[in-house]
Amino acid sequence: MRIQHGEWWGKFQLPKLQLTPLISEFEATYEFLVEDSNTFYFRTNKNAPNGRVVKIFLSNPEETSWETVIGEDLSRNLQWVVLMGKEIFILCYIENARNVLEVRNLINGRFDIIPVSCHGYINSYTFSWDSQEFIFMFESYLIPKRIYRIDLSTSTYNPIQLYDTPNNIDMSKFVISQILYSSKDGTSIPMSIIHKNDLQQNGTSPCLMYGYGGFSNFLAPTFSELDVTFIDSFNGVVALPNIRGGCEFGVNWYNAGRTERKQNCFDDFQSAAEYLISANYTNPQKLVIHGHSNGGLLVGACVNQRPDLFGAAILKAGSLNFAFFLIILLTDSTETDE
């Protein structure tokens, strides 16, 4: 017997799925973590600018029934979360413009900070829900990528190094300092400064300063061959201010550097230059600023507003004409974010 197309569809059509919305209003950030027994875990900044972890029950998904599993830390931004099994959370915070790893056991209450070598950044990680092994990649301004393994079944969560990137430069001759300087409106801004440990602060050193300050991006302490070569070859100084517009101190830090408050980013960057000059790290003729994309906009604005502060500027793919930029991209994220 021949079956017509309509008859075939009628005979084999699957029943309509019944969907239960968990979140219907996206006025905040929601990152799905894992589902276990009809319970859904999310990282969110809903009513928590620095982030928290909540669980939502499929049987009762109303916001009034959400349970906070990891509360907001008012001094640190919760960057990402890993849930391993039903009890162990691995939390990565941004604290003082660097990453801090913590392990929390929800069953026995155990809390540990995972020791890493220094002020650095967790580049990436891998894990399995039902495993006791967590592997992550770490780097810093003076450490190329390293891979570590943690065995969560042990009594101490000491990272075991699995891989270290070969490096031919003696890093012991460099030093990193993190300072706080005041921006135009009095806001304290952190900045990392890297140079040789025998640098004489007499205002004659060439200085390379990089900035971004937008789209809630974290200016992380990552390794740069360019920066290390510049310092080593020219006895230079590299400066990286964590200006507003990023996510270093949560959503409020980001909001303070966007839309009608975008000038704060430019003021922060220019104030960083003023600090470097006043502290005798460099002088205006030897201070070079550079940035990419939104950082290109930053550099372009600063070199026009305060040309007296800089000897040169490097703009890479700078979004300098934002009116034209919005027309070309036609993306809601660009229009609302910056």
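Scroll up for the structure.
About the thresholds
Residues numbered from 1 in each chain as written. Predicted model: local features only at pLDDT ≥ 70, side-chain atom pairs only at ≥ 80, totals over all residues. Heavy atoms only, no water. Helix = DSSP H or I, 4+ residues; strand = E, 2+ residues; numbered from the N terminus. Buried < 20%, exposed > 50% of the residue type's maximum accessible area, 1.4 Å probe, protein only. Contact = heavy atoms within 4.5 Å. Lys, Arg positive; Asp, Glu negative; His and termini not counted. Charge placed at Lys NZ, Arg CZ, Asp CG, Glu CD. Salt bridge = Lys/Arg side-chain N within 4 Å of Asp/Glu carboxyl O. Pairing = 2+ DSSP bridges.

## What about the overall build of the protein chain?
Step number 1: When helices and strands are counted, the protein chain shows seven helices and 18 strands.
Step number 2: C-alpha extents for the protein chain along the principal axes are approximately 90 × 55 × 45 Å.
Step number 3: Burial statistics for the protein chain: of 338 residues in total, 47% are counted as buried.
Step number 4: Taking all contacts inside the protein chain whose residues are at least 6 apart in sequence as the whole, residues at least 24 apart take part in 52%.
Step number 5: Positive and negative charge centroids in the protein chain, built from 25 and 36 side chains respectively, lie 2 Å apart.

## So, the pattern of salt bridges
Step number 1: Overall, the coordinates contain 20 salt bridges when judged by the stated rule.
Step number 2: In this structure, Lys46 and Glu27 form a salt bridge, with 2.3 Å as the shortest nitrogen-oxygen distance. One end of the pair, Lys46, is in the loop between β2 (39-44) and β3 (52-57); the other, Glu27, is in the loop between α1 (5-12) and β1 (30-36), and 19 residues separate them in sequence.
Step number 3: The shortest N-O distance in the salt bridge between Arg306 and Glu274 comes to 2.9 Å. Residue Arg306 is located in the loop between α5 (294-305) and β18 (312-316), and its partner Glu274 is located in helix α4 (residues 263-278); the two are separated by 32 residues in the primary sequence.
Step number 4: Taking relative accessible area as the criterion, Arg306 reaches 23% and is therefore assigned partly exposed.
Step number 5: A relative accessible area of 35% places Glu274 in the partly exposed class.

## Brief notes about the pairing of β18
Both faces of the sheet carry side chains from a regular strand, because those side chains alternate between them.
Step number 1: Where strand β17 (residues 287-292) meets β18, five bridges bridge the pair, whose relative direction is parallel. By the bridge assignment, Gly291 is partnered in β18 with Leu315.

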